[in-house]
Amino acid sequence: GDSVTQMEGPVTLSEEAFLTINCTYTATGYPSLFWYVQYPGEGLQLLLKATKADDKGSNKGFEATYRKETTSFHLEKGSVQVSDSAVYFCALSRGGSARQLTFGSGTQLTVLP
Amino acid sequence: SQTIHQWPATLVQPVGSPLSLECTVEGTSNPNLYWYRQAAGRGLQLLFYSVGIGQISSEVPQNLSASRPQDRQFILSSKKLLLSDSGFYLCAWAGGQAQPQHFGDGTRLSIL
């Protein structure tokens with residue numbers, strides 16, 4: 001079945017450091033890929049998405065490129081801020097009528113001033 | 001624009017009591033609807049999803065149930081809560097193909 005494997009956390013960085021959170025997936029066909037962010041005590045917010053190979057999703061300085069050859073969708077940001085502290089989830093969807101999401105286990109990011 | 005509402009935001013219930021969590025979506029029609037549970041410090045577990053009124057698919061056997069009495073209303077219920085039902089419950093909706101799911105703010109449920 002489908003699965004998503006995320007870099008284990010927690011990840012602690014200093015402000016303005018470079019961020020990479022690795023995400024790889026296993027799925028048949030051509031899934032859509034997503035990154036969600038969850039701030040403390042809140043629900044999940046869509047951060048970015050990519051629906052086909054070589055697409056790059058970007059939002060709020062975060063980027064991720066859909067790499068079919070390596071089945072990866074790594075999240076990057078050039079300079080993190082304290083306000084980026086949150087849990088980040090990688091997810092995939094194979095579409096279909098149910099459009100279910102398969103989530104990774106989440107990566108806790110803490111950015112220190 | 002579309003919005004999703006969940007309530008209550010926080011709930012404390014004794015073991016063995018019933019449960020009803022409600023989720024409604026505005027600004028869209030015939031959405032897919034989902035209930036997830038997130039245990040403390042862990043990922044999301046899909047509990048139920050619905051592709052239409054009265055259509056419920058269960059992903060994990062448990063003492064919870066879901067109903068969709070109206071197009072944009074999704075209810076999570078239990079007749080008798082267990083300690084293991086504690087967690088953060090999230091409702092989500094999705095529109096067309098390849099569209100992402102959008103989440104509500106969640107309900108934090110504590111069982112005593």
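Not measured: the values here are computed from a predicted model.

Caption draft 1: Representation of the state of the cysteines within the structure. Residue and element names in this part refer to chain A. Using the criterion set out here, one finds two disulfides over all chains in the structure. Here Cys-23 pairs with Cys-90 through a disulfide, and the sulfurs are 1.9 Å apart. Residues Cys-23 and Cys-90 are joined through a disulfide that is left-handed, its torsion about the S-S bond being -70 degrees. Here Cys-23, found in strand β4 (residues 23-26), pairs with Cys-90, found in strand β10 (residues 86-93); they are 67 residues apart in sequence, far enough to count as distant. The pair Cys-23 / Cys-90 is uniform in exposure class, with both members buried.

Caption draft 2: Local environment of the interface of chain B and chain A. Between chain B and chain A, the contact holds 25 residues from the first and 21 residues from the second. Carbon and sulfur atoms make up 52% of the surface buried where chain B meets chain A, a total of about 1,700 Å² over both sides. One can count zero salt bridges joining chain B with chain A. The tally of links from chain B across to chain A stands at three residue pairs in polar contact (both at pLDDT 80 or more). Of the residues that constitute the side of chain B that touches chain A, the class distribution is twelve nonpolar, nine polar and four charged.

Caption draft 3: Quick peek at the environment of Gln-108 of chain A. Relative to the assigned elements, Gln-108 of chain A resides in strand β12 (residues 107-112). Not counting chain neighbours up to four residues away, the residues in contact with Gln-108 of chain A comprise Pro-10, Val-11, Ala-86 and Val-87 of chain A.

Caption draft 4: Inspection of the pattern of salt bridges at higher detail. Enumeration over the complete set of coordinates arrives at six salt bridges over all chains. We note a salt bridge from Lys-56 of chain A to Glu-63 of chain A, for which the minimum N-O separation is 3.6 Å. Owing to a relative accessible area of 51%, Lys-56 of chain A belongs among the exposed residues under this scheme. Under the relative-accessibility criterion, Glu-63 of chain A is labelled partly exposed at 34%. With a closest N to O distance of 3.6 Å, Arg-37 of chain B and Asp-85 of chain B form a salt bridge. Remark: Asp-85 of chain B occurs in the loop between β8 (73-78) and β9 (87-94) and Arg-37 of chain B occurs in strand β4 (residues 32-38); sequence separation between them is 48 residues. We classify Asp-85 of chain B as buried; its relative accessible area is 3%.

The rules behind the values
- Residues numbered from 1 in each chain as written.
- Chains lettered and ligands numbered in written order.
- Predicted model: local features only at pLDDT ≥ 70, side-chain atom pairs only at ≥ 80, totals over all residues.
- Heavy atoms only, no water.
- Disulfide = S-S within 2.5 Å.
- Helix = DSSP H or I, 4+ residues; strand = E, 2+ residues; numbered from the N terminus.
- Buried < 20%, exposed > 50% of the residue type's maximum accessible area, 1.4 Å probe, protein only.
- Contact = heavy atoms within 4.5 Å.
- Buried area = accessible area lost by both parts, 1.4 Å probe.
- Salt bridge = Lys/Arg side-chain N within 4 Å of Asp/Glu carboxyl O.
- Polar contact = N/O pair within 3.5 Å; in protein donor to acceptor, adjacent residues only side chain to side chain.
- Nonpolar A, V, L, I, M, F, W, Y, C, P; charged D, E, K, R; others polar.

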